[in-house]
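Overview (structure and organization)
Chain residues, written in single-letter form:
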Amino acid sequence: MKNYELITVLGPTASGKTSFAAALAAYLDTEIISGDSRQIYRSMDIGTGKDLADYVVNGKLIPYHLIDICEPGYKYNVFEYQHDFFRAYESIREKGKIPVLCGGTGMYIEAVIKGYKLLDVPENPELREFLKDKSLKELEEILSGYKVLHNKTDVDTAQRAIRTIEIEEYYKNEAPAQTEYEPIDSLIIGIDINRELRREKISKRLRTRLEEGMVEEVKGILATGVQPEDLIYYGLEYKFLTLYIIGEISYEEMVSQLEIAIHQFAKRQMTWFRGMERRGFTIHWLEATLPTEVKIEKTLHLLQERK
């Protein structure tokens, strides 16, 4: 049996997947490809949890890809991600190394491992006009009628929901072929963190990021000319902090609503990963509380089983 072509490290937010992936990449002398739909934006550092210090292991920077590749305000998508991923993937493979894909955006991860054929979906003005006055709840009900083709884990704004419906409607009519790229034989490691610990870490991390200047970060992005609705589009931190900065909600409302939204987001991430298992992906779950050295040892054992 041939060796794995990729190692994928996935898990919900606050599970510690990045620090583990970096330590693993350092041990294997390889490079990381980010699988996060928001860390591709420059200047959106604290809110997206880039934690770039995690990529420094024993004083050495682990090379990483697909972080800081777009300007805030741009609406990057899974179609673009798939093409950017394979360019990075091939460049690492050409060095004789096994890339490490690390992230929490399930659709991005699934699209590249399976090599799904995706379409560059244009805007549909008529559909947008029809949907523009509907509430987020109404849009979510419309979405529930489609097959799962697009990433629904972070649809927490009406603008994102409308875009997702636009994509689903386009795919329903265009019916793309199954694959564009060859599927990748990947060892998939999932970082499993129990619900209570996850909630505790999310709440603590939110307070830390606010202390580190997350509000100032969003103010700085808005000051460059990015429109509030374009930041709200990204959801989570950028949605609620922008609403606070433009005066639509109070600071206390922002913190409370954002904390709830992040907890819900982590739950949706886990729902997606469990769905991946039902769709035929084998995910080897490792307890988040295990020491990094033990996680690496268990991962190496799984790699050795294929040789």
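Structure first, text after, so check above.
Conventions adopted
Residues numbered from 1 in each chain as written. Predicted model: local features only at pLDDT ≥ 70, side-chain atom pairs only at ≥ 80, totals over all residues. Heavy atoms only, no water. Phe/Tyr/Trp six-rings, centres within 6.5 Å; stacked < 30°, edge-to-face > 60°. Helix = DSSP H or I, 4+ residues; strand = E, 2+ residues; numbered from the N terminus. Lys NZ or Arg CZ within 6 Å of the ring centre and 35° of its normal. Buried < 20%, exposed > 50% of the residue type's maximum accessible area, 1.4 Å probe, protein only. Pairing = 2+ DSSP bridges. Axes fitted to C-alpha atoms, helices over the stretch in contact; angles between N-to-C directions. Parallel < 35°, antiparallel > 145°, perpendicular 65-115°, else oblique. Contact = heavy atoms within 4.5 Å. Salt bridge = Lys/Arg side-chain N within 4 Å of Asp/Glu carboxyl O. Core = buried A, V, L, I, M, F, W, Y, C linked by side-chain atoms within 4.5 Å.

For the rest of this paragraph, the subject is the packing of aromatic side chains. This structure, assessed with the given rule, holds 10 aromatic pairs. Aromatic pair Tyr 81 and Phe 85: ring centres 6.2 Å apart, planes at 35 degrees, arrangement tilted. Taken as a pair, Tyr 81 and Phe 85 lie in helix 2 (residues 78–93) at a separation of 4 residues, close to a single helical turn. In textbook terms, an aromatic cluster arises when at least three aromatic residues are bridged by ring pairs, as seen for Tyr 81, Phe 85, Phe 86, Tyr 89, Tyr 108 and Tyr 181. Residue placement shows Arg 274 over the ring face of Trp 285; its charged tip is 4.6 Å from the ring centre. It is Arg 279 that lies over the ring of Trp 272; its NZ or CZ is 5.3 Å from the centre.

The next subject is the pairing of strand 6 (residues 100–103). Residues of strand 6 alternate between two faces, with Val 100 and Cys 102 on one and Leu 101 and Gly 103 on the opposite face, all of them buried. Pairing geometry for strand 1 (residues 6–10) and strand 6, over 4 bridges, is parallel. Residue pairing across strands places Thr 8 opposite Leu 101, the latter belonging to strand 6. Relative to strand 6, strand 2 (residues 32–34) runs parallel, the two being bridged by 3 bridges. Within strand 6, the residue paired with Ile 33 across the bridge is Leu 101.

What follows deals with the packing of helix 3 (residues 106–114) against helix 11 (residues 251–278). At a minimum axis distance of 10 Å, the contact between helix 3 and helix 11 shows a crossing angle of 25 degrees. With respect to their mutual orientation, helix 3 and helix 11 come out roughly parallel. Of helix 11, the residues touching helix 3 (which contributes Gly 106, Met 107, Ile 109 and Glu 110) are Trp 272, Phe 273 and Met 276.

With that settled, the discussion passes to the environment of Ala 111. Structurally, the position occupied by Ala 111 is in helix 3. The spatial distance from the C-alpha of Ala 111 to the C-alpha of Leu 24 is 23 Å, given a sequence separation of 87 residues. Setting aside chain neighbours within four positions, we find Ala 111 in contact with Val 78, Gln 82, Tyr 116 and Leu 118.

Enumeration over the complete set of coordinates arrives at 18 salt bridges. Among the salt bridges present, the one from Lys 97 reaches Asp 29, with a minimum N-O distance of 3.8 Å. Of this pair, Lys 97 sits in the loop between helix 2 and strand 6 while Asp 29 sits in the loop between helix 1 (17–28) and strand 2, placing them 68 residues apart in sequence. For Asp 29, a relative accessible area of 40% translates into the label partly exposed. The salt bridge involving Lys 132 is made with Glu 129; its shortest N-O contact spans 2.9 Å. Its relative accessible area of 46% is what places Lys 132 among the partly exposed residues.

Two orientations exist for strands paired in a sheet by backbone hydrogen bonds: parallel and antiparallel. Across the sheet, 6 strands lie side by side as 5-2-6-1-7-8; this open sheet has parallel pairing. Two strands lie at the open edges of the sheet, namely strand 5 (64–65) and strand 8 (283–287), each paired on one side alone. With 5 bridges joining them, strand 1 and strand 7 (residues 186–192) adopt parallel strand pairing. When the bridges of strand 7 are listed, Leu 6 appears paired with Ser 186.

Looking now at unusual backbone geometry. Although it is not a glycine, Asp 29 adopts a positive phi angle of roughly 55 degrees. A positive phi angle, near 60 degrees, is found at Asp 68, a position not held by glycine. By the secondary structure assignment, Asp 68 is in the loop between strand 5 and helix 2.

Turning to the nonpolar core, a few remarks are in order. Ranked by size, the top nonpolar core spans 61 residues in total, and within it Ile 33, Tyr 81, Phe 85 and Leu 231 carry the most contacts. If you list the elements that add at least two residues to this core, you get strand 1, helix 2, helix 3, helix 7 (195–211), helix 8 (214–223), helix 9 (228–232), helix 10 (236–245) and helix 11. Broken down by element, this core gets its largest block of residues, 10 residues, from helix 11. When near neighbours in sequence (up to four residues on either side) are disregarded, Ile 33 contacts His 65, Leu 66, Tyr 81, Phe 85, Ala 88, Tyr 89, Ile 92, Pro 99, Val 100, Leu 101 and Cys 102.

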